[in-house]
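Residue-level listing of the chains:
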Amino acid sequence: MANRGRPRSRSRGRSVSKSRSANKAKTSSPPVKPETIRKSRSLSASRKKVSTDSAFKSHDDPDTPIRASLRLQEKIRKQLEEEVTMVRNRLKTNGNSSTTPPAKQEVSSQHDVIGFGGAVGGAALSVLLPALVYAIVIACDKRNGCVITRLPSFSVDLKDYFDMKVFGVVLSWYLLQVLLALLPVGPQVMGQPLKGGKRLLYRCNGFLALLISVLIFAVALHQGAPMDYIHKHWLQFVTASIVYSFVLAVGLYIHALYVSDSELAPEATGSLFNDFFMGRELNPRVGSLDLKFMCELRPGLIGWMLVDWSLCASQYQQSGAVTPALALVTLFQTIYVFDALKHESSILTTMDIITEGFGFMLAFGDLAWVPALYTLQAHFIYNFPELAVSNVYGLVAIGIVKAAGYIIFRGANSQKDVFRNNPNDSSVAHLATIPTSAGKKLLCAGYWGICRRPNYLGDILMATAWSLTCGTTHLLPYFYPIYFFILLVHRQIRDEAYCKQKYGAAWDSYCKKVPYRIIPYVF
Ligand code: NDP
(Lines give C-alpha, C1' and ligand atoms only; values in the text may rest on other atoms or scores of the structure.)
Protein backbone atom coordinates (compact mmCIF):
# COMPACT_ATOMS: atom_id res chain seq x y z
CA MET A 1 0.00 0.00 0.00
CA ALA A 2 0.86 3.54 -0.13
CA ASN A 3 3.81 4.96 1.67
CA ARG A 4 5.63 8.14 1.53
CA GLY A 5 8.35 10.04 3.11
CA ARG A 6 11.81 13.47 3.96
CA PRO A 7 13.21 16.53 6.65
CA ARG A 8 15.15 18.17 9.42
CA SER A 9 15.58 18.21 13.21
CA ARG A 10 17.36 19.12 16.39
CA SER A 11 19.95 17.10 18.28
CA ARG A 12 19.51 15.84 21.76
CA GLY A 13 23.15 14.82 21.91
CA ARG A 14 24.69 11.47 21.04
CA SER A 15 23.89 9.22 23.89
CA VAL A 16 25.19 5.71 23.77
CA SER A 17 28.88 5.06 24.32
CA LYS A 18 30.97 2.55 22.42
CA SER A 19 31.55 0.29 25.39
CA ARG A 20 27.84 0.18 26.19
CA SER A 21 27.10 -0.73 22.63
CA ALA A 22 29.67 -3.49 22.75
CA ASN A 23 28.01 -4.88 25.84
CA LYS A 24 24.64 -4.66 24.15
CA ALA A 25 26.00 -6.42 21.14
CA LYS A 26 27.08 -9.28 23.37
CA THR A 27 23.84 -9.57 25.25
CA SER A 28 21.72 -9.41 22.12
CA SER A 29 23.62 -12.03 20.14
CA PRO A 30 21.32 -14.84 19.05
CA PRO A 31 22.25 -18.36 20.17
CA VAL A 32 24.93 -20.08 18.13
CA LYS A 33 23.60 -22.53 15.60
CA PRO A 34 24.55 -26.23 16.30
CA GLU A 35 25.99 -26.74 12.81
CA THR A 36 28.43 -23.86 13.40
CA ILE A 37 29.73 -25.65 16.49
CA ARG A 38 29.96 -28.95 14.62
CA LYS A 39 31.92 -27.33 11.78
CA SER A 40 34.28 -25.63 14.20
CA ARG A 41 34.93 -28.89 16.02
CA SER A 42 35.81 -30.84 12.89
CA LEU A 43 38.02 -28.01 11.69
CA SER A 44 39.79 -28.03 14.99
CA ALA A 45 40.27 -31.83 14.83
CA SER A 46 41.85 -31.74 11.39
CA ARG A 47 44.16 -28.87 12.39
CA LYS A 48 45.22 -30.83 15.45
CA LYS A 49 46.15 -33.77 13.25
CA VAL A 50 48.31 -31.64 10.96
CA SER A 51 50.13 -29.98 13.82
CA THR A 52 50.79 -33.27 15.62
CA ASP A 53 52.22 -34.79 12.43
CA SER A 54 54.57 -31.88 11.87
CA ALA A 55 55.59 -31.98 15.51
CA PHE A 56 56.61 -35.64 15.21
CA LYS A 57 58.78 -34.68 12.27
CA SER A 58 60.71 -32.41 14.60
CA HIS A 59 61.92 -35.59 16.29
CA ASP A 60 64.62 -35.61 13.65
CA ASP A 61 66.13 -32.52 15.30
CA PRO A 62 69.58 -32.92 16.70
CA ASP A 63 68.09 -31.89 20.16
CA THR A 64 67.51 -34.32 22.95
CA PRO A 65 64.15 -36.19 23.01
CA ILE A 66 63.08 -34.37 26.23
CA ARG A 67 63.68 -30.87 24.81
CA ALA A 68 62.00 -31.91 21.57
CA SER A 69 59.01 -33.21 23.51
CA LEU A 70 58.77 -29.93 25.53
CA ARG A 71 58.94 -27.91 22.33
CA LEU A 72 56.24 -30.12 20.84
CA GLN A 73 53.98 -29.63 23.87
CA GLU A 74 54.47 -25.85 23.73
CA LYS A 75 53.73 -25.79 20.00
CA ILE A 76 50.52 -27.82 20.46
CA ARG A 77 49.43 -25.59 23.34
CA LYS A 78 49.94 -22.43 21.24
CA GLN A 79 48.13 -23.94 18.30
CA LEU A 80 45.20 -24.99 20.46
CA GLU A 81 45.03 -21.49 21.95
CA GLU A 82 44.98 -19.96 18.47
CA GLU A 83 42.23 -22.33 17.43
CA VAL A 84 40.13 -21.58 20.48
CA THR A 85 40.45 -17.81 19.79
CA MET A 86 39.62 -18.37 16.13
CA VAL A 87 36.51 -20.44 16.90
CA ARG A 88 35.39 -17.91 19.53
CA ASN A 89 35.72 -15.07 17.03
CA ARG A 90 33.83 -17.02 14.43
CA LEU A 91 30.99 -17.83 16.81
CA LYS A 92 30.84 -14.19 17.82
CA THR A 93 30.71 -13.05 14.18
CA ASN A 94 27.96 -15.52 13.36
CA GLY A 95 26.03 -14.50 16.41
CA ASN A 96 26.22 -10.82 15.56
CA SER A 97 25.79 -11.10 11.83
CA SER A 98 22.95 -8.98 10.52
CA THR A 99 22.59 -11.34 7.60
CA THR A 100 21.90 -14.39 9.77
CA PRO A 101 18.20 -14.99 9.16
CA PRO A 102 16.14 -15.83 12.22
CA ALA A 103 14.91 -19.43 12.25
CA LYS A 104 11.90 -19.49 9.92
CA GLN A 105 9.76 -21.50 12.32
CA GLU A 106 10.43 -18.97 15.05
CA VAL A 107 9.48 -16.03 12.83
CA SER A 108 6.34 -17.59 11.45
CA SER A 109 4.93 -18.73 14.75
CA GLN A 110 5.53 -15.31 16.25
CA HIS A 111 3.93 -13.58 13.31
CA ASP A 112 0.92 -15.93 13.40
CA VAL A 113 0.17 -14.57 16.84
CA ILE A 114 0.57 -10.88 16.08
CA GLY A 115 0.23 -11.04 12.30
CA PHE A 116 -2.92 -11.91 10.41
CA GLY A 117 -3.70 -15.27 11.96
CA GLY A 118 -1.57 -17.50 9.73
CA ALA A 119 -3.35 -19.74 7.22
CA VAL A 120 -6.82 -19.42 8.77
CA GLY A 121 -6.55 -15.64 9.03
CA GLY A 122 -5.19 -15.38 5.49
CA ALA A 123 -8.02 -17.48 4.03
CA ALA A 124 -10.69 -15.61 5.98
CA LEU A 125 -9.35 -12.15 5.16
CA SER A 126 -9.05 -12.98 1.47
CA VAL A 127 -12.85 -13.35 1.47
CA LEU A 128 -13.87 -10.84 4.13
CA LEU A 129 -11.89 -7.84 2.85
CA PRO A 130 -13.48 -7.84 -0.63
CA ALA A 131 -16.90 -8.36 1.04
CA LEU A 132 -16.23 -5.35 3.28
CA VAL A 133 -15.30 -3.22 0.28
CA TYR A 134 -18.59 -4.12 -1.43
CA ALA A 135 -20.58 -3.50 1.74
CA ILE A 136 -19.15 0.00 2.25
CA VAL A 137 -19.30 1.05 -1.39
CA ILE A 138 -22.93 -0.13 -1.65
CA ALA A 139 -23.93 1.39 1.70
CA CYS A 140 -22.51 4.74 0.64
CA ASP A 141 -24.31 4.99 -2.67
CA LYS A 142 -27.03 7.57 -3.14
CA ARG A 143 -29.82 5.04 -2.68
CA ASN A 144 -28.63 3.66 0.66
CA GLY A 145 -27.72 7.02 2.19
CA CYS A 146 -24.36 6.01 3.73
CA VAL A 147 -25.93 5.00 7.03
CA ILE A 148 -24.95 2.14 9.30
CA THR A 149 -28.27 1.90 11.14
CA ARG A 150 -29.86 -0.34 8.51
CA LEU A 151 -28.63 -3.02 6.14
CA PRO A 152 -28.02 -1.64 2.67
CA SER A 153 -30.20 -2.88 -0.16
CA PHE A 154 -28.22 -4.28 -3.05
CA SER A 155 -28.84 -5.38 -6.59
CA VAL A 156 -28.90 -9.07 -7.47
CA ASP A 157 -28.38 -8.35 -11.14
CA LEU A 158 -24.87 -9.47 -12.08
CA LYS A 159 -24.73 -6.78 -14.77
CA ASP A 160 -24.56 -4.17 -12.02
CA TYR A 161 -21.29 -5.72 -10.87
CA PHE A 162 -19.63 -6.98 -14.07
CA ASP A 163 -19.04 -5.01 -17.21
CA MET A 164 -16.56 -6.15 -19.82
CA LYS A 165 -15.88 -2.60 -21.00
CA VAL A 166 -15.00 -1.55 -17.48
CA PHE A 167 -12.73 -4.60 -17.18
CA GLY A 168 -11.03 -3.39 -20.38
CA VAL A 169 -10.65 0.17 -19.07
CA VAL A 170 -9.09 -1.04 -15.81
CA LEU A 171 -6.75 -3.45 -17.62
CA SER A 172 -5.67 -0.67 -20.00
CA TRP A 173 -4.95 1.50 -16.97
CA TYR A 174 -2.72 -1.17 -15.42
CA LEU A 175 -0.92 -1.75 -18.73
CA LEU A 176 -0.32 1.97 -19.12
CA GLN A 177 1.26 2.07 -15.66
CA VAL A 178 3.43 -0.95 -16.47
CA LEU A 179 4.63 0.69 -19.68
CA LEU A 180 5.39 3.94 -17.87
CA ALA A 181 7.27 2.04 -15.16
CA LEU A 182 9.43 0.41 -17.84
CA LEU A 183 10.45 3.72 -19.43
CA PRO A 184 14.24 3.90 -19.18
CA VAL A 185 14.14 7.39 -17.70
CA GLY A 186 14.38 8.60 -14.12
CA PRO A 187 16.98 7.82 -11.46
CA GLN A 188 17.85 4.27 -10.48
CA VAL A 189 17.97 3.92 -6.72
CA MET A 190 19.52 1.12 -4.70
CA GLY A 191 17.19 -0.69 -2.28
CA GLN A 192 18.12 -1.72 1.27
CA PRO A 193 20.37 -4.80 1.64
CA LEU A 194 18.48 -8.10 1.37
CA LYS A 195 19.03 -11.19 3.51
CA GLY A 196 22.23 -12.20 1.72
CA GLY A 197 23.50 -8.63 1.51
CA LYS A 198 22.41 -8.18 -2.12
CA ARG A 199 20.76 -4.86 -3.07
CA LEU A 200 18.23 -4.37 -5.87
CA LEU A 201 18.06 -1.42 -8.21
CA TYR A 202 14.74 0.41 -8.60
CA ARG A 203 13.82 2.75 -11.44
CA CYS A 204 12.12 5.72 -9.78
CA ASN A 205 10.13 7.39 -12.53
CA GLY A 206 6.79 7.43 -10.69
CA PHE A 207 6.46 11.20 -10.80
CA LEU A 208 6.78 11.13 -14.57
CA ALA A 209 4.13 8.38 -14.69
CA LEU A 210 1.89 10.63 -12.61
CA LEU A 211 2.39 13.63 -14.91
CA ILE A 212 1.70 11.56 -18.02
CA SER A 213 -1.44 10.11 -16.40
CA VAL A 214 -2.61 13.63 -15.54
CA LEU A 215 -1.95 14.70 -19.11
CA ILE A 216 -4.06 11.82 -20.44
CA PHE A 217 -6.87 12.77 -18.04
CA ALA A 218 -6.68 16.40 -19.20
CA VAL A 219 -6.87 15.35 -22.85
CA ALA A 220 -9.90 13.14 -22.10
CA LEU A 221 -11.57 16.04 -20.30
CA HIS A 222 -10.77 18.41 -23.13
CA GLN A 223 -12.17 15.94 -25.65
CA GLY A 224 -15.45 15.93 -23.74
CA ALA A 225 -15.17 12.41 -22.27
CA PRO A 226 -18.19 11.79 -19.97
CA MET A 227 -16.75 12.52 -16.55
CA ASP A 228 -19.58 10.74 -14.73
CA TYR A 229 -18.65 7.42 -16.38
CA ILE A 230 -16.59 6.25 -13.42
CA HIS A 231 -19.19 7.29 -10.87
CA LYS A 232 -22.03 5.62 -12.80
CA HIS A 233 -20.06 2.36 -13.13
CA TRP A 234 -18.39 2.55 -9.75
CA LEU A 235 -19.49 -0.89 -8.54
CA GLN A 236 -18.24 -2.42 -11.77
CA PHE A 237 -14.88 -0.65 -11.39
CA VAL A 238 -14.66 -2.02 -7.87
CA THR A 239 -15.40 -5.55 -9.11
CA ALA A 240 -12.79 -5.29 -11.84
CA SER A 241 -10.10 -4.15 -9.43
CA ILE A 242 -10.95 -6.93 -6.95
CA VAL A 243 -10.88 -9.58 -9.68
CA TYR A 244 -7.56 -8.31 -11.01
CA SER A 245 -6.04 -8.28 -7.56
CA PHE A 246 -7.04 -11.94 -7.12
CA VAL A 247 -5.55 -12.79 -10.52
CA LEU A 248 -2.33 -10.98 -9.63
CA ALA A 249 -2.12 -12.68 -6.22
CA VAL A 250 -2.58 -16.15 -7.75
CA GLY A 251 0.10 -15.37 -10.35
CA LEU A 252 2.44 -14.14 -7.64
CA TYR A 253 1.89 -17.24 -5.55
CA ILE A 254 2.61 -19.56 -8.47
CA HIS A 255 5.70 -17.54 -9.42
CA ALA A 256 6.94 -17.73 -5.84
CA LEU A 257 6.82 -21.54 -5.85
CA TYR A 258 9.79 -21.56 -8.21
CA VAL A 259 12.12 -19.14 -6.49
CA SER A 260 14.97 -19.93 -4.13
CA ASP A 261 14.64 -19.71 -0.34
CA SER A 262 16.71 -16.55 -0.24
CA GLU A 263 14.02 -14.74 -2.22
CA LEU A 264 11.22 -15.60 0.17
CA ALA A 265 9.58 -13.07 2.48
CA PRO A 266 10.26 -13.37 6.22
CA GLU A 267 6.61 -14.22 6.89
CA ALA A 268 6.41 -17.00 4.30
CA THR A 269 5.72 -20.25 6.13
CA GLY A 270 5.07 -22.70 3.32
CA SER A 271 1.38 -22.84 4.13
CA LEU A 272 -0.77 -22.10 1.07
CA PHE A 273 -3.29 -19.70 2.59
CA ASN A 274 -0.77 -17.84 4.72
CA ASP A 275 1.61 -17.39 1.81
CA PHE A 276 -1.15 -16.52 -0.64
CA PHE A 277 -2.32 -13.75 1.67
CA MET A 278 0.95 -12.49 3.16
CA GLY A 279 2.98 -13.01 0.02
CA ARG A 280 5.57 -15.71 -0.43
CA GLU A 281 8.18 -13.85 -2.44
CA LEU A 282 9.72 -10.63 -1.17
CA ASN A 283 10.60 -8.88 -4.44
CA PRO A 284 8.91 -10.55 -7.43
CA ARG A 285 10.22 -9.21 -10.70
CA VAL A 286 9.38 -9.75 -14.35
CA GLY A 287 12.50 -8.72 -16.21
CA SER A 288 13.39 -5.30 -14.87
CA LEU A 289 9.85 -4.64 -13.62
CA ASP A 290 9.59 -4.87 -9.84
CA LEU A 291 5.92 -5.75 -9.37
CA LYS A 292 5.54 -4.78 -5.72
CA PHE A 293 7.32 -1.46 -6.16
CA MET A 294 5.26 -0.67 -9.26
CA CYS A 295 1.92 -1.51 -7.62
CA GLU A 296 2.64 0.35 -4.37
CA LEU A 297 2.24 3.87 -5.68
CA ARG A 298 1.00 3.83 -9.23
CA PRO A 299 -2.20 2.11 -10.42
CA GLY A 300 -4.10 2.44 -7.15
CA LEU A 301 -2.76 5.73 -5.87
CA ILE A 302 -2.82 7.67 -9.13
CA GLY A 303 -6.15 5.99 -9.92
CA TRP A 304 -7.58 7.18 -6.58
CA MET A 305 -6.59 10.78 -7.35
CA LEU A 306 -8.06 10.65 -10.85
CA VAL A 307 -11.33 9.21 -9.52
CA ASP A 308 -11.54 12.26 -7.21
CA TRP A 309 -10.81 14.52 -10.17
CA SER A 310 -13.49 12.81 -12.26
CA LEU A 311 -16.02 13.46 -9.48
CA CYS A 312 -15.08 17.16 -9.38
CA ALA A 313 -15.26 17.39 -13.17
CA SER A 314 -18.59 15.58 -13.23
CA GLN A 315 -20.06 17.86 -10.56
CA TYR A 316 -18.84 20.85 -12.52
CA GLN A 317 -20.30 19.50 -15.77
CA GLN A 318 -23.65 19.00 -14.05
CA SER A 319 -23.95 22.11 -11.89
CA GLY A 320 -21.34 24.55 -13.15
CA ALA A 321 -19.53 24.53 -9.78
CA VAL A 322 -17.59 22.27 -7.41
CA THR A 323 -18.59 22.30 -3.74
CA PRO A 324 -15.79 23.68 -1.52
CA ALA A 325 -15.62 20.47 0.51
CA LEU A 326 -15.19 18.29 -2.59
CA ALA A 327 -12.57 20.67 -3.96
CA LEU A 328 -10.76 20.66 -0.61
CA VAL A 329 -10.71 16.89 -0.09
CA THR A 330 -9.60 16.44 -3.69
CA LEU A 331 -6.83 18.98 -3.13
CA PHE A 332 -5.71 17.22 0.08
CA GLN A 333 -5.61 13.82 -1.57
CA THR A 334 -3.93 15.21 -4.67
CA ILE A 335 -1.18 16.64 -2.44
CA TYR A 336 -0.84 13.22 -0.79
CA VAL A 337 -0.48 11.41 -4.12
CA PHE A 338 1.88 14.00 -5.65
CA ASP A 339 3.96 13.87 -2.50
CA ALA A 340 4.10 10.08 -2.55
CA LEU A 341 5.26 9.95 -6.14
CA LYS A 342 7.67 12.86 -5.70
CA HIS A 343 9.36 10.90 -2.91
CA GLU A 344 8.90 7.53 -4.54
CA SER A 345 12.37 6.29 -3.62
CA SER A 346 11.63 6.75 0.08
CA ILE A 347 9.32 3.75 0.06
CA LEU A 348 12.46 1.66 -0.34
CA THR A 349 13.08 1.99 3.39
CA THR A 350 9.50 1.21 4.42
CA MET A 351 8.10 -2.00 5.80
CA ASP A 352 6.14 -2.86 2.65
CA ILE A 353 9.33 -3.05 0.61
CA ILE A 354 11.75 -4.32 3.26
CA THR A 355 9.73 -7.03 4.98
CA GLU A 356 6.32 -7.65 3.39
CA GLY A 357 5.99 -10.37 0.79
CA PHE A 358 3.94 -9.53 -2.28
CA GLY A 359 0.72 -11.49 -1.99
CA PHE A 360 -3.01 -10.88 -1.85
CA MET A 361 -2.77 -8.46 1.06
CA LEU A 362 -0.67 -5.92 -0.81
CA ALA A 363 -2.04 -6.68 -4.29
CA PHE A 364 -5.62 -6.21 -3.07
CA GLY A 365 -4.62 -3.22 -0.95
CA ASP A 366 -2.87 -1.48 -3.82
CA LEU A 367 -5.27 -2.27 -6.63
CA ALA A 368 -8.69 -2.49 -4.98
CA TRP A 369 -8.80 -1.24 -1.40
CA VAL A 370 -7.07 2.12 -2.03
CA PRO A 371 -9.13 3.29 -5.03
CA ALA A 372 -12.41 1.85 -3.66
CA LEU A 373 -12.24 3.12 -0.10
CA TYR A 374 -9.87 6.09 -0.14
CA THR A 375 -12.29 7.82 -2.53
CA LEU A 376 -15.11 7.35 -0.02
CA GLN A 377 -15.07 10.95 1.23
CA ALA A 378 -15.16 12.34 -2.31
CA HIS A 379 -18.01 9.97 -3.27
CA PHE A 380 -19.89 10.94 -0.11
CA ILE A 381 -19.63 14.67 -0.81
CA TYR A 382 -20.54 14.08 -4.46
CA ASN A 383 -23.65 12.11 -3.43
CA PHE A 384 -24.66 14.29 -0.48
CA PRO A 385 -23.18 17.77 -1.03
CA GLU A 386 -25.65 19.31 1.42
CA LEU A 387 -24.10 17.33 4.32
CA ALA A 388 -20.51 18.42 3.73
CA VAL A 389 -18.77 21.28 5.54
CA SER A 390 -19.30 24.60 3.77
CA ASN A 391 -18.45 27.02 6.56
CA VAL A 392 -15.21 28.90 5.83
CA TYR A 393 -13.92 28.66 9.42
CA GLY A 394 -14.61 24.95 9.45
CA LEU A 395 -12.73 24.50 6.21
CA VAL A 396 -9.77 26.55 7.48
CA ALA A 397 -9.64 24.50 10.69
CA ILE A 398 -9.64 21.32 8.63
CA GLY A 399 -6.82 22.78 6.52
CA ILE A 400 -4.77 23.34 9.68
CA VAL A 401 -5.21 19.70 10.78
CA LYS A 402 -4.17 18.55 7.33
CA ALA A 403 -1.10 20.85 7.27
CA ALA A 404 0.04 19.68 10.72
CA GLY A 405 -0.38 16.05 9.67
CA TYR A 406 1.51 16.62 6.46
CA ILE A 407 4.46 18.33 8.15
CA ILE A 408 4.87 15.49 10.67
CA PHE A 409 4.30 12.75 8.09
CA ARG A 410 6.70 14.14 5.51
CA GLY A 411 9.27 15.19 8.06
CA ALA A 412 9.37 11.82 9.82
CA ASN A 413 9.42 9.70 6.69
CA SER A 414 12.11 11.76 5.03
CA GLN A 415 14.22 11.91 8.16
CA LYS A 416 14.30 8.14 8.43
CA ASP A 417 14.82 7.72 4.73
CA VAL A 418 17.79 10.10 4.63
CA PHE A 419 19.20 8.49 7.77
CA ARG A 420 18.92 4.96 6.38
CA ASN A 421 20.55 5.95 3.12
CA ASN A 422 23.27 8.18 4.53
CA PRO A 423 23.53 8.55 8.32
CA ASN A 424 26.23 11.19 7.77
CA ASP A 425 23.93 13.48 5.82
CA SER A 426 24.09 16.96 7.38
CA SER A 427 20.33 16.96 8.08
CA VAL A 428 20.55 13.88 10.32
CA ALA A 429 24.19 13.48 11.35
CA HIS A 430 23.68 15.54 14.54
CA LEU A 431 20.73 13.47 15.81
CA ALA A 432 21.12 11.12 18.77
CA THR A 433 21.15 7.45 17.80
CA ILE A 434 21.31 4.04 19.42
CA PRO A 435 23.74 1.53 17.89
CA THR A 436 22.49 -2.01 17.35
CA SER A 437 24.22 -5.37 17.14
CA ALA A 438 22.96 -5.67 13.55
CA GLY A 439 25.18 -2.78 12.48
CA LYS A 440 22.38 -0.29 11.74
CA LYS A 441 21.61 2.54 14.19
CA LEU A 442 18.23 3.68 15.45
CA LEU A 443 17.28 7.34 15.46
CA CYS A 444 16.06 8.42 18.87
CA ALA A 445 15.82 12.17 18.36
CA GLY A 446 14.16 14.53 15.93
CA TYR A 447 10.79 13.21 14.80
CA TRP A 448 11.79 9.70 15.93
CA GLY A 449 12.26 10.97 19.45
CA ILE A 450 8.67 12.29 19.70
CA CYS A 451 7.14 8.82 19.43
CA ARG A 452 8.20 5.54 17.84
CA ARG A 453 6.03 6.04 14.73
CA PRO A 454 5.76 9.78 14.07
CA ASN A 455 5.05 9.07 10.40
CA TYR A 456 1.89 7.16 11.42
CA LEU A 457 0.79 10.06 13.61
CA GLY A 458 1.04 12.46 10.67
CA ASP A 459 -0.81 10.06 8.39
CA ILE A 460 -3.66 9.65 10.88
CA LEU A 461 -4.03 13.43 11.26
CA MET A 462 -4.24 13.82 7.49
CA ALA A 463 -6.79 11.01 7.20
CA THR A 464 -8.91 12.69 9.88
CA ALA A 465 -8.80 16.00 8.01
CA TRP A 466 -10.05 14.34 4.83
CA SER A 467 -13.06 12.88 6.62
CA LEU A 468 -13.85 16.08 8.48
CA THR A 469 -14.74 17.67 5.12
CA CYS A 470 -17.76 15.33 5.06
CA GLY A 471 -19.29 16.97 8.13
CA THR A 472 -20.23 15.19 11.30
CA THR A 473 -23.67 13.77 10.57
CA HIS A 474 -22.53 10.38 9.20
CA LEU A 475 -20.06 7.84 10.56
CA LEU A 476 -19.24 5.88 7.40
CA PRO A 477 -17.18 8.67 5.77
CA TYR A 478 -14.95 8.28 8.83
CA PHE A 479 -14.28 4.68 7.95
CA TYR A 480 -10.88 5.58 6.54
CA PRO A 481 -9.31 7.24 9.63
CA ILE A 482 -10.88 4.63 11.95
CA TYR A 483 -9.69 1.68 9.92
CA PHE A 484 -6.36 3.41 9.29
CA PHE A 485 -5.75 3.89 13.00
CA ILE A 486 -6.43 0.20 13.63
CA LEU A 487 -4.24 -0.81 10.67
CA LEU A 488 -1.35 1.37 11.80
CA VAL A 489 -1.55 0.22 15.42
CA HIS A 490 -1.47 -3.39 14.23
CA ARG A 491 1.31 -2.56 11.78
CA GLN A 492 3.30 -0.86 14.49
CA ILE A 493 2.96 -3.91 16.75
CA ARG A 494 3.99 -6.25 13.93
CA ASP A 495 6.96 -4.18 12.91
CA GLU A 496 7.99 -3.64 16.49
CA ALA A 497 8.13 -7.41 17.02
CA TYR A 498 10.27 -7.64 13.92
CA CYS A 499 12.55 -4.82 15.08
CA LYS A 500 12.87 -6.46 18.48
CA GLN A 501 14.00 -9.61 16.73
CA LYS A 502 16.49 -7.67 14.58
CA TYR A 503 17.85 -5.32 17.21
CA GLY A 504 17.29 -7.11 20.54
CA ALA A 505 18.46 -5.07 23.54
CA ALA A 506 19.01 -1.94 21.41
CA TRP A 507 15.30 -1.93 20.55
CA ASP A 508 14.44 -2.18 24.26
CA SER A 509 16.66 0.86 24.91
CA TYR A 510 14.85 2.75 22.16
CA CYS A 511 11.45 1.87 23.65
CA LYS A 512 12.66 3.05 27.04
CA LYS A 513 13.98 6.31 25.66
CA VAL A 514 10.93 6.92 23.45
CA PRO A 515 8.04 5.35 25.40
CA TYR A 516 5.06 6.37 23.21
CA ARG A 517 4.19 4.33 20.14
CA ILE A 518 2.12 6.68 17.96
CA ILE A 519 0.44 9.43 19.99
CA PRO A 520 2.70 11.21 22.50
CA TYR A 521 1.43 10.95 26.11
CA VAL A 522 -1.58 8.87 24.99
CA PHE A 523 -0.46 5.72 23.23
P1 NDP B 1 8.13 2.76 8.45
O2 NDP B 1 8.44 3.64 7.30
O3 NDP B 1 8.03 3.42 9.76
O4 NDP B 1 9.22 1.61 8.41
C5 NDP B 1 9.47 0.74 9.49
C6 NDP B 1 10.95 0.48 9.51
O7 NDP B 1 11.66 1.67 9.84
C8 NDP B 1 11.36 -0.49 10.61
O9 NDP B 1 11.15 -1.83 10.20
C10 NDP B 1 12.82 -0.17 10.74
O11 NDP B 1 13.46 -0.80 9.63
C12 NDP B 1 12.86 1.33 10.54
N13 NDP B 1 12.83 2.05 11.80
C14 NDP B 1 11.93 1.96 12.81
N15 NDP B 1 12.24 2.79 13.82
C16 NDP B 1 13.37 3.41 13.45
C17 NDP B 1 14.20 4.39 14.08
N18 NDP B 1 13.94 4.88 15.28
N19 NDP B 1 15.30 4.80 13.41
C20 NDP B 1 15.59 4.33 12.18
N21 NDP B 1 14.86 3.39 11.55
C22 NDP B 1 13.75 2.95 12.17
O23 NDP B 1 6.79 1.96 8.32
P24 NDP B 1 5.77 1.72 7.18
O25 NDP B 1 6.42 1.13 6.00
O26 NDP B 1 4.67 0.97 7.83
O27 NDP B 1 5.20 3.19 6.83
C28 NDP B 1 5.74 4.12 5.92
C29 NDP B 1 4.71 5.21 5.66
O30 NDP B 1 3.63 4.69 4.91
C31 NDP B 1 4.09 5.78 6.94
O32 NDP B 1 3.97 7.17 6.83
C33 NDP B 1 2.72 5.16 6.97
O34 NDP B 1 1.81 6.01 7.62
C35 NDP B 1 2.42 5.01 5.50
N36 NDP B 1 1.47 3.95 5.23
C37 NDP B 1 0.33 4.30 4.56
C38 NDP B 1 -0.61 3.36 4.28
C39 NDP B 1 -1.83 3.75 3.57
O40 NDP B 1 -2.62 2.89 3.25
N41 NDP B 1 -2.06 5.01 3.31
C42 NDP B 1 -0.44 1.95 4.68
C43 NDP B 1 0.80 1.69 5.38
C44 NDP B 1 1.70 2.66 5.64
P45 NDP B 1 15.08 -0.91 9.52
O46 NDP B 1 15.63 -0.65 10.87
O47 NDP B 1 15.32 -2.28 9.02
O48 NDP B 1 15.47 0.14 8.53
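Residues numbered from 1 in each chain as written. Predicted model: local features only at pLDDT ≥ 70, side-chain atom pairs only at ≥ 80, totals over all residues. Heavy atoms only, no water.

## Considerations on the nonpolar core
Working step 1: Counting residues in each nonpolar core, the largest one holds 105 residues, and the members touching the most others are V133, W369, L373 and Y374.
Working step 2: Looking at which element gives the most residues to this core, the answer is helix α15 (residues 360–373), with 11 residues.
Working step 3: Two domains each put at least three residues into this core: domain 1 (115–386) and domain 2 (389–522).
Working step 4: Residues C444, C499, C511 and V514 belong to the second largest nonpolar core, which totals 20 residues. (Core = buried A, V, L, I, M, F, W, Y, C linked by side-chain atoms within 4.5 Å. Buried < 20%, exposed > 50% of the residue type's maximum accessible area, 1.4 Å probe, protein only. Helix = DSSP H or I, 4+ residues; strand = E, 2+ residues; numbered from the N terminus. Domains from an automatic or database assignment.)

## Structural notes on the environment of G206
Working step 1: Relative to the helices and strands, G206 is located in helix α7 (residues 206–222).
Working step 2: What makes G206 buried here is its relative accessible area of 0%.

## A few points about the UniProt feature "transmembrane region" (unreviewed entry) in the chain
Working step 1: UniProt records the feature "transmembrane region" (unreviewed entry) at residues 113–140, 161–180, 200–222, 234–254, 321–341, 353–372 and 392–409, using the numbering of this structure.
Working step 2: Split by type, residues 321–341 is 86% helix and 0% strand. Its first and last C-alpha atoms lie 29 Å apart.
Working step 3: Between the first and last C-alpha atoms of residues 392–409 the distance is 25 Å; the span itself is 100% helix and 0% strand. (UniProt positions renumbered as here; feature names shortened; annotations may be inferred.)

## Concerning the packing of aromatic side chains
Working step 1: Taken as a whole and judged by the stated rule, the model has 32 aromatic pairs.
Working step 2: Consider the rings of F276 and F360, whose centres lie 5.6 Å apart with planes at 15°: the pair is stacked. One end of the pair, F276, is in helix α10 (residues 272–278); the other, F360, is in helix α15, with 84 residues separating them in the sequence. There is no split in this pair, since F276 and F360 are both buried.
Working step 3: Both rings, one in W304 and one in Y374, keep their centres 5.2 Å apart while their planes meet at 90°; by these two values the pair is edge-to-face. Separated by 70 residues along the polypeptide, W304 in helix α12 (residues 299–319) and Y374 in the loop between α15 and α16 (376–383) bring together distant segments of the chain. This pair shows no difference in class: W304 is buried, exactly as Y374 is.
Working step 4: The positively charged end of K342 is found above the aromatic ring belonging to F207, 5.5 Å away from the centroid.
Working step 5: The side chain of R453 reaches across the aromatic face of Y456, ending 5.4 Å from its centre. (Phe/Tyr/Trp six-rings, centres within 6.5 Å; stacked < 30°, edge-to-face > 60°. Lys NZ or Arg CZ within 6 Å of the ring centre and 35° of its normal.)

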